[in-house]
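Okay, here's what each chain looks like letter by letter:
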Amino acid sequence: MTLERTFSIIKPDATKRNLTGAINKVFEDNGLRIVAQRRIQMSEDQAKKFYEVHAERPFYGELVEFMTSEPVVVQVLEAENAVAKHREVMGATNPEEAADGTVRKLYALSIGENSVHGSDSLENANLEIAQFFKDEEIVG
Ligand code: CMP
């Protein structure tokens, strides 16, 4: 088994409600190690670039507006099978479909205000990490 890294964002609905520590506890309790973390105010350009893949979706404008509405916490998480493990711990995108004990079941407000983002593949994890972190900022 090899260690993987994935990219995570604690979103504005969660930072606003002081849930950064509570969400990090769920991650850590499930074996995800936080190897880099920074609280930032995402710019419109950063949010547009990050969610470029959704540019044609009807919720794109709303998503960019939401992600820039309050600070977010960007993170790199490390574990064996980190991408899959993080997605399991986050739960389904829509909190109404999320399993008990997952971050989104516990904390998300709606499909848009769903508290956390996680990379959907190792390839995207590497691209997303590179958008926000320099190699030397990640200490595994
Ligand atoms: P995330 O994992 O950050 O990736 C894309 C985001 O788009 C997703 O989480 C949701 O927060 C958001 N999203 C997906 N579907 C909808 C929707 N129908 N309405 C609003 N936002 C959505």
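See above for the structure.
These numbers were taken from a predicted model, which means no experiment stands behind them.

Participant: Just to check I follow, could you spell out the overall build of the chain for this structure?
Facilitator: Within the chain one finds seven helices and four strands. The order of α-helices and β-strands along the chain, N terminus first, is β-α-α-β-α-α-β-α-α-β-α. Relative to its length of 140 residues, the chain is compact, with a C-alpha radius of gyration of 14 Å against a globular reference of 14 Å. Principal axes of the C-alpha set define a box for the chain whose edges measure 40 × 35 × 25 Å. Counting over 140 residues, the chain shows a buried share of 45%. Sequence-distant contacts in the chain: of pairs separated by 6 or more residues, those separated by 24 or more amount to 77%. Accessible surface for the chain amounts to roughly 7700 Å². Of this, 46% is attributable to carbon and sulfur atoms.

Participant: How do you make sense of the pattern of salt bridges when you look at a structure like this?
Facilitator: Note on pairing: side chains with opposite charge can pair once their charged atoms come close. This structure, assessed with the given rule, holds six salt bridges. One salt bridge in this structure joins Arg38 and Glu137, with 2.8 Å as the shortest N-O distance. Separated by 99 residues along the polypeptide, Arg38 in strand β2 (residues 33–40) and Glu137 in the segment after α7 (122–132) bring together distant segments of the chain. The exposure class assigned to Arg38 is partly exposed, which follows from its relative accessible area of 26%. The salt bridge involving Glu44 is made with Lys48; its shortest N-O contact spans 2.9 Å.

Participant: What am I meant to see in the site of the ligand here?
Facilitator: For the ligand, the full set of nearby residues is Lys11, Tyr51, His54, Phe59, Leu63, Thr93, Arg104, Ile111, Gly112, Asn114 and His117. Between an oxygen atom of the ligand and a side-chain N or O atom of Lys11, the distance comes to 2.8 Å. Between an oxygen atom of the ligand and a main-chain N or O atom of Gly112, the distance comes to 3.3 Å. Relative to its unbound accessible surface of 460 Å², the ligand loses 79% to contact with the protein. When grouped by side-chain class, the residues that make up the shell around the ligand number four nonpolar, five polar and two charged.

Conventions used here
- Residues numbered from 1 in each chain as written.
- Predicted model: local features only at pLDDT ≥ 70, side-chain atom pairs only at ≥ 80, totals over all residues.
- Heavy atoms only, no water.
- Helix = DSSP H or I, 4+ residues; strand = E, 2+ residues; numbered from the N terminus.
- Rg over C-alpha atoms; globule rule 2.2 N^0.38 Å.
- Buried < 20%, exposed > 50% of the residue type's maximum accessible area, 1.4 Å probe, protein only.
- Contact = heavy atoms within 4.5 Å.
- Areas by Shrake-Rupley, 256 points an atom, 1.4 Å probe, with all protein chains shown as cover.
- Salt bridge = Lys/Arg side-chain N within 4 Å of Asp/Glu carboxyl O.
- Near = heavy atom within 4 Å.
- Polar contact = N/O pair within 3.5 Å; in protein donor to acceptor, adjacent residues only side chain to side chain.
- Nonpolar A, V, L, I, M, F, W, Y, C, P; charged D, E, K, R; others polar.

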